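Residue-level structural notes
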Amino acid sequence: MGEKAVPLLRRRRVKRSCPSCGPELGVEEKKGKGNPISIQLFPPELVEHIISFLPVRDLVALGQTCRYFYEVCDTESVWRRICRRLSPRLRDQGSGVRPWKRAAILNYTKGLYFQAFGGRRQCLSKSVAPLLAHGYRRFLPTKDHVFILDYVGTLFFLKNALVSTLGQVQWKRACRYVVLCRGAKDFASDPRCDTVYRKYLYVLATREQQEVVGTTSSRASDCVEVYLQSSGQRVFKMTFHHSMTFKQIVLVGQETQRALLLLTEEGKIYSLVVNETQLDQPRSYTVQLALRKVSHYLPHLHVACMTSNQNSTLYVTDQGGVYFEVHTPGVYRDLFGTLQAFDPLDQQMPLALSLPAKILFCALGYNHLGLVDEFGRIFMQGNNRYGQLGTGDKMDRGEPTQVRYLQRPITLWCGLNHSLVLSQSSEFSKELLGCGCGAGGRLPGWPKGSASFVKLQVKVPLCACALCATRECLYILSSHDIEQHTPYRDLPASRVVGTPEPSLGTGAPQDPGGMAQACEEYLSQIHSCHTLQDRMEKMKEIVGWMPLMAAQKDFFWEALDMLQKAEGGGGAVGPPAPET
């Protein structure tokens, strides 16, 4: 065999299983074009090293061309090199199934954008991103600054992030950022929309505490640290017992009676009261941590998340149920349209909302709220004076009402008198919808407002995931976590508009809110009462807890009052009759 036989043998050994790496050539084309070269001939380490210099967007696009490049672009070694290039100081790649890929995408997509209301510019401006931040998980704007929490528990303090010149709010390009604290789990401030009231920042963090003074042994304990938002100085600290671990903190109430609600890992709610007017005084005192009534009277409930404003708190359980606390009669009337079940002497008693399906997340404004269920449907309730419910009219709603033309939102936000929804318009674009009062430029492009959700004139970033609005600015947080997505389900055919409802005998009954277990608990509480009068009062409380409509609750309360009057006060009651 001569020298020409060597290329022929090499051609026979090459198998092009990947169409994008070059199609198989015919015999005549092989003779005319000589020896073809395939990228699969290169060592995998060399290919991974070459493609690691690509931008993240190009690398993701390359991985969608064929199976070979998908496997190469999905290796952790490639994403480790990219992550080191994006964040050179990152030492820990985090957790998850694909830790380096998740870390690289988090650092590539992180960004905080804002748009001033009432200005001529209709595009978002991007803030200065801290290089040490491992993605953006949460943010909170205050009067002059912005606080950002990343995915490894580092809380950043962007000092002087906003400046006001001639009535226009602008980003200060020479923005300085400092690390406020590490090991943070969550943080909260005054829940009112006006950032002027956000004087203190409450941070839920984990700290190492010495077991015995003078020894080196220590254990992790949760604590709440209070910082001044103007300077970032810590003014107060509360440390809890190491056996109690928390995951979320919210605030409710006035400055003199500020209630801190803490959610444990087991789904229980604890509260303590702090006087903010005395936090800047150098003194030490003991605060009492008490179990909230929603966890005391309903021990079977496991709260998954909670949200609050100045006068009310909303709890979402792990089974998708929603319970409400309202502390003022005015807000209660706006939300439910009646004061029938409001008790001014017992404002912490939770009320259950009547909902058709499991709730995934919610938003709470001053006197209205929004809920999103597992099928991606949006339900609004409360005051609708400015059309902030998005139902197309300005009639108040005392019960959750579905907004039928909106489905599968990314996030939902409710403010003082307007609401915002971030939705996916197509595969590669997102849009921002809003309704309610448009004064002051709150709804860009709709200065007169709208009673229905309309598309706002805002260019939304591709990886936008959260939003917030103040009196002056609209903020949008950009971040993409490959391990977190909203688990929406397809709506069953029986619940689609236009299809008949199935009979009661077909299919297994659904119990999304755990009502069967709740009813057993209610019965045990009724049996524990010794007099008929106590049983009637307990039944009235249970009716207020159950997820019934307002008309149904009024019916049961009137019926129980009639029975109480007929019995004439009630006397001792013997043991209950045996069940048949």
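Residues numbered from 1 in each chain as written. Predicted model: local features only at pLDDT ≥ 70, side-chain atom pairs only at ≥ 80, totals over all residues. Heavy atoms only, no water.

You'll find the protein entered in an unreviewed UniProt entry as F-box protein 24, with Piliocolobus tephrosceles given as the organism.

Digging into the overall build of the protein
A tally of regular secondary structure across the protein gives 12 helices and 30 strands. Per-residue burial over the protein gives 46% buried out of 580 residues. By element, 54% of the accessible surface of the protein is carried by carbon and sulfur atoms, the whole surface being about 30100 Å². (Helix = DSSP H or I, 4+ residues; strand = E, 2+ residues; numbered from the N terminus. Buried < 20%, exposed > 50% of the residue type's maximum accessible area, 1.4 Å probe, protein only. Areas by Shrake-Rupley, 256 points an atom, 1.4 Å probe, with all protein chains shown as cover.)

A look at the state of the cysteines
By definition, a disulfide links the sulfur atoms of two cysteines through a covalent bond. Inspection of the entire model under this criterion finds zero disulfides. Among the cysteines around C362, which has no disulfide bond, C305 carries the closest sulfur, lying 5.5 Å off. On the basis of relative accessibility, which here comes to 16%, the residue C362 falls in the buried class. (Disulfide = S-S within 2.5 Å.)

Examining the pairing of strand β17 (residues 303-308)
Taken together, the five bridges between β17 and strand β18 (residues 312-317) define a ladder with antiparallel strand orientation. Along β18, the bridge assignment pairs C305 with V316. Between β17 and β18, which pair antiparallel and follow one another directly, the connecting turn spans three residues. (Pairing = 2+ DSSP bridges.)

Let's talk about the packing of aromatic side chains
Per the stated rule, a full pass over the model turns up eight aromatic pairs. With a centroid separation of 4.8 Å and an interplanar angle of 5°, the aromatic rings of F147 and F157 are classed as stacked. Residue F147 is found in strand β4 (residues 146-149), and its partner F157 is found in strand β5 (residues 155-159); the two are separated by 10 residues along the sequence. Owing to a relative accessible area of 1%, F147 belongs among the buried residues under this scheme. You can call F157 buried: its relative accessible area is 1%. By the ring-pair criterion, three or more aromatic residues cluster together here, those being F114, F139 and Y475. For the cation-ring pair, R138 lies above F187, with the distance from its terminal atom to the ring centre recorded as 4.4 Å. (Phe/Tyr/Trp six-rings, centres within 6.5 Å; stacked < 30°, edge-to-face > 60°. Lys NZ or Arg CZ within 6 Å of the ring centre and 35° of its normal.)

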